[in-house]
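What follows is each chain in one-letter form.
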Amino acid sequence: MDPKPPLRSAKLTGNRQNSSSLLSKTLSDATTQNLSSILNNPHVSDSSWSGWWSSSSTAVQIPDFAPLSGTKTTSGGVEISRSDFASYLTSVSDQYNRFEDIRNHSNNERSKDSKDDDVNYASDCYDRVGEALVECLKEVPALYFKEDFALEDGGTFRAACSSVGDNDVLQEKLTQYLDVVEVHLVKEISLRSNSFFEAQGQLEDLSLKIVEGCGRIRELKETIRVLDGDLVDSARQIQELKVTRSDLLALQEKLRVVLYVNQSLAALKLLVASADCAGALDVTDDLKHFLNGDQLTGLHCFRHLEDHVAAAINSVNSILSAEFLRVSVNDAGDKDAVILSKAKARIASPGTEEDNEEYWDQEDTSSFHDRVLPLIIGLLRTAKLPAVLRIYRDTVISDMKIAIKSVVAELLPVLLARPLDSDFKAGDRIVDADGGGSSLANKLRNLSSESFVQLLETIFKIVQAHLLRAAEVKKVIEWMMSNLDGHYAADSVAAAIANGALTAEISSAADGQSGPSSLSTQKNLIKVSPATSSSNLSKNFRADVLRENAEAVFAACDAAHGRWAKLLGVRALLHPKLRLQDFLNIYNTSQEFVTATEKIGGRLGYSIRGTLQSQAKAFVDFQHESRMTKLKALLDQETWVEVDVPNEFQAIVDSLFRLESDSDDDHSKSIANSYNEVIASTAEQVDLNGQVNNTKTKNGHTKSSAHLISFRGVGYHMVNCGLILLKMLSEYIDMNNFLPALSSEVIHRVLEVLKFFNTRTCQLVLGAGAMQVSGLKSITSKHLALASQVISFVHAIMPEIRKVLFLKVPETRKGMLLSEIERVSQDYKVHRDEIHTKLVQIMRERLLVHLRGLPQIIETWSRVDETEIQPSQFAKSLTKEVGYLQRVLSRTLHEADVQEIFKEVTIIFDIQISDAFAHVDISTPQAKSRLNCEIQHILGCIKSLPSAKLNIEAGIPIAGQLEALVKRISCAESDQ
């Protein structure tokens, strides 16, 4: 049934029904347009509109226009042109244009609505597909649509009749439901299919053809039955004879298999007994082939064959595992004995040079490969290599621990028998209270740093030998598993990997099963694996082997790291107290050990690195605490007396700040070595109390020293605590260079030292604390000048210290540290300026003291005195003190600092003295002369000060107010 004609007829019917509504719509649109034209007339006022709405008979008033003035024609008529209507057109043009726009818009909307109706009607027909069934489900209860609906069922019948009391009503209701379903179903069919009835006709034709075909088949079967009886009986007898012959041949073959298997079992026992693992595995492969096939099916005599094969394979695995462990691990004992004997010889004869013997040469490597290759191939064939590698990992760990323990046990007595080294004080060796000897930990603590380093070096060599052997095993296995092209065993290894992968899969699948079920599982895997996942099995098996292989070497490295960390941990309390060079020997040896083992193992040793880092931090912390204590005691004992600077301290400055300017590594190392020599020689100049001594050389001459310490061409006077601070800073720089991982920590400690030195110096000198702790009677200008020199020197070298220290600091932490250093540098600058201000304040206080006695002196100026006029005691004492301060500061401070200080002093003298002399009565000649003498004497002193050069160069009066006062006195004398 084609639904399209009904769609078109329905559309036509719908169009007829909507004709009246379209007409009414058109009239309504026309009315709306006319009303819009009227309402949009701009020439009508609002009051006229209200009148129009109130009266239904109101008409639109036509605006008045002037009469048309046309041109008269000869016939007496008037000729009218378009121009005569120009004023009218102009007045209505806006309203007309709006009217046209509204009319066009209405036409467009109408055409659009008609098109949408056509499209919507067609789409509605297709959208209604399925709606009929939905309506059917709404009208008919869901009970009647169940798949198991049957009125003869009691429950269904009661549910259907529960709402109906009469059978007639029930029948009518069911009939109604049936009609509803049929109507909606027909409607749904009409909507869903365009060729439903055509398909129904084709189905009927197909049924006829099927019936015809079945008849022809029955005829052919009858024909075949007749031919079979006439022609095939003789041939069937021949076929039965062939089958009998085949059965006899199969029996003969089965007997041969039985004979072969029996002989193979006997040979297998002999091969296992003689430890011929390769031959035994070949026999087991043949027997497993028979077991996995159908040749032995039903033979009761071989019911225990699988158990015999499994027992033989287990024996072969035991032999291969034991031999593999012996070759890979146990044969390393000879090299350990050689290394120990050489270590003992070096301890007995300290001058013996260390040998750089290689632990593995080409011949050893080749021999080792030849020995271990057959073992690995055998373990691959039995799929036991991953399990054996796990055993090998545990064995290597145990062997590593035993080897290290034996080294410690062998060398400790030899090392303890050596004389007491210089880095141990008396009583440092620990002895048990019972007198029965020391424990192992105490013996390790009793070792000197040099002896402990020798012990570590020997352990390093032993561990390296074991790890190199383990790495060689790893290399062989990786080489066999990845690339054997051209090797004589390439085919054997490839077959072994494939066989081992299959065996591993069979073993994992057969876990928990035994007997016939296990055998059937194996047979099924054998049948499926080659066709589906043989490559995946090989890849998984290779990955398993390589993983266990790598884990074995890493576990050995981890065990060595653990033992090494334990040895360091035993001496954790001693190492922070060592000298820097002694600690660096232990630290560098440990670093070399970690680097070498990590390179062999292929992974980072986080535990040993953490131990080294913690001990290095403990060393830095302890050294810092001891230096802070020493510096505090030294500052409290400082008398702020100038000392000569030994050449070794000048060499520290020169060597220290050459390090950051050299980029070549070799040159930097040579400079660092020479710097270390300088530091070592400088250590001799400082006694235990932190005092700098002038020691003598071997020839008895005192080592040379200088009066100043020079930096960038500028000399600085130094006191004892300044030199010790320089020595400490150099030691911190050593820590920073040799412990780069702790560079940030070292910089924080340096900043703490600098802050403490600056703060404590300020308390002792500016705060006069030295008078209580050092026994000084007073803080003089000499003390202040020396403190300023030390502070200035530290402030000058601070940028260079920053450059040297920041060579090892990560970029991420430089910003914060830079701000800290800049803050400390600014504190030093402020401290120096405060000292200079204090010197100026001293002169201000002395001037005020002298000014208090000036009035008594001025009272005597008016007396007549025949003696020669000379400066008063006020002027003499003041200039004397200024001269003394100038001599002290000029000998100690830099010229620029002295000029700045006396510039401030000059300004104070000029203002204070001018104010004091401004009120002097100079009415008498004697007073004028004495005042002039006083001022000239003071001006002479001021002009001799270093600050006078600055005023002369700048063209500024040296003491402007005093000079003006002199001019005023001169003018007064001239007026008289």
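Our structure is the block above this text.
Parameters at a glance
Residues numbered from 1 in each chain as written. Predicted model: local features only at pLDDT ≥ 70, side-chain atom pairs only at ≥ 80, totals over all residues. Heavy atoms only, no water. Helix = DSSP H or I, 4+ residues; strand = E, 2+ residues; numbered from the N terminus. Buried < 20%, exposed > 50% of the residue type's maximum accessible area, 1.4 Å probe, protein only. Contact = heavy atoms within 4.5 Å. Areas by Shrake-Rupley, 256 points an atom, 1.4 Å probe, with all protein chains shown as cover. Phe/Tyr/Trp six-rings, centres within 6.5 Å; stacked < 30°, edge-to-face > 60°. Lys NZ or Arg CZ within 6 Å of the ring centre and 35° of its normal. Expected span 1.5 Å × (residues − 1). Axes fitted to C-alpha atoms, helices over the stretch in contact; angles between N-to-C directions. Parallel < 35°, antiparallel > 145°, perpendicular 65-115°, else oblique. Left-handed = near helix turned anticlockwise from the far one by under 90°. Polar contact = N/O pair within 3.5 Å; in protein donor to acceptor, adjacent residues only side chain to side chain. Patch = residues over 30% accessible without salt bridge, like charges linked within 9 Å, V, L, I, M, F, W, Y side chains within 5 Å. Salt bridge = Lys/Arg side-chain N within 4 Å of Asp/Glu carboxyl O. Core = buried A, V, L, I, M, F, W, Y, C linked by side-chain atoms within 4.5 Å. Lys, Arg positive; Asp, Glu negative; His and termini not counted. Charge placed at Lys NZ, Arg CZ, Asp CG, Glu CD.

Novice: Just give me the short version of the overall build of the protein chain, but keep the residues and values in it.
Specialist: In terms of helices and strands, the protein chain carries 34 helices and six strands. Each of the 976 residues in the protein chain was classed as buried or not, and the buried ones make up 38%. Counting contacts in the protein chain only where the partners sit at least 6 residues apart, residues at least 24 apart contribute 78% of the total. Split by element, the accessible area of the protein chain, about 55,300 Å² in all, is 55% carbon and sulfur.

Novice: Can you break down the packing of aromatic side chains residue by residue, with the values?
Specialist: According to the stated counting rule, one finds seven aromatic pairs in the structure shown. Ring centres of Phe 583 and Tyr 587 lie 6.1 Å apart, and the angle between their planes is 25°; on these two criteria the pair is classed as stacked. Within this pair, Phe 583 and its partner Tyr 587 are both found in helix α20 (residues 580-601), separated by four residues, close to a single helical turn. With relative accessibility at 2%, the residue Phe 583 sits in the buried group. Taken together, the ring pairs in this structure connect Phe 460, Trp 564 and Phe 593 into an aromatic cluster. Above the plane of the ring of Phe 452 lies Arg 571, whose end atom (NZ or CZ) is 4.4 Å from the centre.

Novice: Just give me the short version of helix α24 (residues 720-738), but keep the residues and values in it.
Specialist: Between its first and last C-alpha, α24 extends 28 Å over 19 residues, near the 27 Å set by a 1.5 Å rise per residue. Here α24 lies mainly inside the structure; 17 of its 19 residues are buried.

Novice: Outline the packing of helix α28 (residues 811-852) against helix α31 (residues 895-918), listing residues and values.
Specialist: Running from amino to carboxyl end, α28 crosses α31 at an angle of 25°, the nearest separation of the two axes being 10 Å. Judged on the interaxial angle alone, α31 and α28 are roughly parallel. The handedness of the crossing between α28 and α31 is right-handed. Here α28 contributes His 836, Leu 839, Val 840, Met 843, Arg 844, Leu 847, Leu 848 and Leu 851 to the contact with α31, which in turn contributes Asp 897, Ile 901, Glu 904, Val 905, Ile 908, Phe 909, Gln 912, Ile 913 and Ala 916.

Novice: Could you give me a rundown of the side chain of Ser 743, with the residues and numbers involved?
Specialist: With respect to the helices and strands, Ser 743 occurs in helix α25 (residues 743-766). Overall, the relative accessible area of 1% leaves Ser 743 in the buried class. Within the structure, the side chain of Ser 743 is placed 3.4 Å from the backbone oxygen of Leu 805, a separation counted as a polar contact. Once residues lying within four places of it in the same chain are set aside, the contact partners of Ser 743 are Asn 736, Leu 805, Lys 808 and Val 809.

Novice: Before we move on, can you summarise a nonpolar patch on the surface with the specific residues and values?
Specialist: Together, Ile 80, Phe 85, Tyr 88 and Leu 89 make up an exposed nonpolar region whose accessible area comes to about 350 Å². Positionally, Phe 85 belongs in the loop between β2 (78-79) and α4 (86-127).

Novice: Pulling in residues and values, what's your account of unusual backbone geometry?
Specialist: In the Ramachandran plot, Trp 640 falls in the positive-phi region, its phi being about 55° despite a non-glycine side chain. Following the sequence through the fold, Trp 640 ends up in the loop between α21 (606-637) and β3 (645-646). Positive phi, normally seen in glycine, also occurs at Ala 768, with a value near 60°. Inspection of the secondary structure puts Ala 768 in the loop between α25 and α26 (770-773). Judged by its relative accessible area of 24%, Ala 768 is partly exposed.

Novice: Which residues make up the nonpolar core, and what values do they have?
Specialist: The nonpolar side chains of a soluble globular protein tend to be buried, and buried together. Grouped together as the largest cluster of nonpolar side chains are 192 residues, with contacts concentrated most on Phe 324, Tyr 392, Leu 455, Phe 793 and Phe 917. With 17 residues, the top contributor of residues to this core is helix α16 (residues 449-482). In contact with Phe 324, other than residues within four places in its own chain, are Val 372, Leu 375, Ile 376, Leu 379, Val 388, Leu 389, Tyr 392 and Val 473. Formed by six residues, the second largest nonpolar core is a distinct cluster that contains Val 140, Ala 160, Tyr 177 and Val 180.

Novice: I'd like a description of the packing of α20 against α24, backed by residues and values.
Specialist: As a packed pair, α20 and α24 sit with axes 11 Å apart at the nearest point and diverge in direction by 5°. Accordingly, the angle class assigned to the pair α20 and α24 is roughly parallel. Of the residues in α24, those in contact with Leu 580, Leu 584 and Tyr 587 of α20 are Glu 731, Asp 734, Met 735 and Phe 738.

Novice: Hey, could you go over the pattern of salt bridges for me, with residue numbers and the actual values?
Specialist: Tallying each qualifying case throughout the model produces 28 salt bridges. Taking the shortest distance from any N to any O, the salt bridge between Asp 621 and Arg 749 comes out at 2.5 Å. Placement of the pair is Asp 621 in helix α21 and Arg 749 in helix α25, with a sequence separation of 128 residues. Grouping residues by exposure puts Asp 621 and Arg 749 together as buried. Among the salt bridges present, the one from Lys 755 reaches Glu 820, with a minimum N-O distance of 3.5 Å. Placement of Lys 755 in helix α25 and of Glu 820 in helix α28 is noted, with a sequence separation of 65 residues between them. Look at Lys 755 and you get partly exposed, because its relative accessible area is 37%. Residue classification places Glu 820 among the partly exposed residues on the basis of a relative accessible area of 22%. Residues joined in a network through salt bridges with shared partners are Arg 390, Arg 393, Asp 394 and Glu 548.

Novice: Help me get a handle on the environment of Leu 729, residues and values and all.
Specialist: If you trace the backbone, Leu 729 turns up in helix α24. Taking the C-alpha atoms as reference, Leu 729 lies 8.3 Å from Ile 801; in sequence the two are 72 residues apart. If we skip the residues at most four places from it in the chain, Leu 729 touches Val 750, Leu 754, Ile 797 and Ile 801.

Novice: Explain a negative patch on the surface to me, using residue names and the numbers behind them.
Specialist: A surface patch of negative charge is lined by Glu 147, Asp 148, Glu 152 and Asp 153. Residue placement: Glu 152 occurs in the loop between α5 (131-139) and α6 (154-161). We classify Glu 152 as exposed; its relative accessible area is 72%.

Novice: Give me the lowdown on the environment of Leu 848, citing residues and values where you can.
Specialist: Structurally, Leu 848 is set in helix α28. Of the residues examined, Leu 848 reaches a relative accessible area of 35% and is grouped as partly exposed.

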